[in-house]
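# Examining the three-dimensional arrangement
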Amino acid sequence: MSRVKKILATLIVMTMVASSITVGAATQSPAKKKLTDSMVTVTAKALTYNKTAQVPTAVKVVVDGKTLKEGTDYLVVVAKITNAGKYIVTTQVIGIGHYEGTVAKKVTVTMKKAKQKLKNTKKRKVKYKKVKKKKVKIKLKVKSTGTGKIKYKRVSKKLKVSKKGKVTIRKGTKKGTYKVKVKAYANGNYKATKWKKIKIRIK
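Definitions and cut-offs
- Residues numbered from 1 in each chain as written.
- Predicted model: local features only at pLDDT ≥ 70, side-chain atom pairs only at ≥ 80, totals over all residues.
- Heavy atoms only, no water.
- Helix = DSSP H or I, 4+ residues; strand = E, 2+ residues; numbered from the N terminus.
- Contact = heavy atoms within 4.5 Å.
- Areas by Shrake-Rupley, 256 points an atom, 1.4 Å probe, with all protein chains shown as cover.
- Core = buried A, V, L, I, M, F, W, Y, C linked by side-chain atoms within 4.5 Å.
- Buried < 20%, exposed > 50% of the residue type's maximum accessible area, 1.4 Å probe, protein only.
- Polar contact = N/O pair within 3.5 Å; in protein donor to acceptor, adjacent residues only side chain to side chain.
- Pairing = 2+ DSSP bridges.
- Axes fitted to C-alpha atoms, helices over the stretch in contact; angles between N-to-C directions.

### Digging into the overall build of the protein
Regarding its fold elements, the protein presents 2 helices and 18 strands. When contacts within the protein are restricted to residue pairs at least 6 apart in sequence, long-range pairs at least 24 apart make up 59% of them. Of the roughly 14200 Å² of accessible surface on the protein, a fraction of 54% belongs to carbon and sulfur atoms.

Put into structure tokens, the structure is as follows:
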């Protein structure tokens with residue numbers, strides 16, 4: 001090969017190498033953006049007890065005016081809450097994809113108690129001919145949609161009611177409508193109900 005040809009071959013190889021370096025530089029991944037405290041907003045959710053574990057915080061991340069997407073740009077790590085009460089919750093936001101870094105923020109979260117309702121409070125009927133001969137006992141069996149303890153209380157003096165809701169009607173009680181009150185007490189996860197009157201009609 002002549003000297004001229006060798007020079008030309010060398011120039012071609014150098015040109016190809018330079019082109020490959022340029023292409024490689026152009027396709028190199030851009031530097032990741034680091035998440036900072038000012039980019040991340042963590043707020044407490046309004047929670048009410050519902051027997052399930054709930055995510056206590058909401059997260060919003062904005063970088064250069066762009067709202068990032070959870071699962072694509074960042075991950076959220078936070079403990080769920082199950083029971084009613086007041087908590088100090090730490091939420092971690094971890095950059096992924098084109099973003100990096102971890103931001104941790106603390107917020108106070110309150111899970112409210114749930115309401116509960118009384119069931120089986122319908123009117124009861126008792127035949128007078130039974131009461132005329134002897135005292136009569138009936139069991140109310142009131143239940144709650146929550147877990148609050150059921151409390152009974154008599155309204156009419158002619159009746160007696162036990163802690164378990166067993167009502168005793170005195171022998172010879174006249175025809176008419178008599179009443180017993182019932183409620184469910186509050187506990188850790190439920191609010192108390194109001195007193196509910198149950199009618200017992202003797203006819």
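### Notes on the nonpolar core
Of all hydrophobic cores here, the largest spans 21 residues; its most connected members are Leu35, Val40, Val61, Val63 and Leu68. Contributions of two or more residues to this core are made by strand 2 (40-44), strand 4 (57-63), strand 7 (85-95) and strand 9 (102-112). Among the elements that line this core, the one with the most residues is strand 9, at 4 residues. The contact partners of valine 61, leaving out residues within four places of it in the chain, are Leu35, Met39, Val40, Lys66, Thr67, Leu68, Tyr74 and Val93.

### Examining the side chain of glutamine 54
Position of glutamine 54 among the secondary structure elements: in the loop between strand 3 (47-48) and strand 4. According to the relative accessible area criterion, glutamine 54 is buried, its value standing at 14%. Here the side chain of glutamine 54 touches threonine 48 through a polar contact of 3.0 Å, landing on its backbone oxygen. Those residues in contact with glutamine 54 that lie beyond four places of it in its chain are Leu47, Thr48, Tyr49, Lys80, Ile81 and Met111.

### Some words on the sheet that holds strand 16 (residues 166-169)
The strand order across the open sheet formed by 3 strands is 12-16-15, and the pairing between neighbours is antiparallel. Across the chains shown, the open sheet's two edge strands, defined by having one partner strand only, are strand 12 (136-139) and strand 15 (159-161). If you compare each strand with its neighbour and ignore which way they point, the axes differ by 20° on average. Pairing analysis gives 3 bridges linking strand 15 to strand 16, with the strands arranged antiparallel. Following the sheet pairing, lysine 160 is matched in strand 16 by threonine 168.

### Some remarks on the pairing of strand 12
Burial along strand 12 is one-sided: Val136 and Ile138 are buried, and none of Lys137 and Lys139, which face the opposite way, are. Sheet analysis places strand 12 next to strand 16, joined by 4 bridges and oriented antiparallel. Bridge pairing in strand 16 links lysine 139 to lysine 166.

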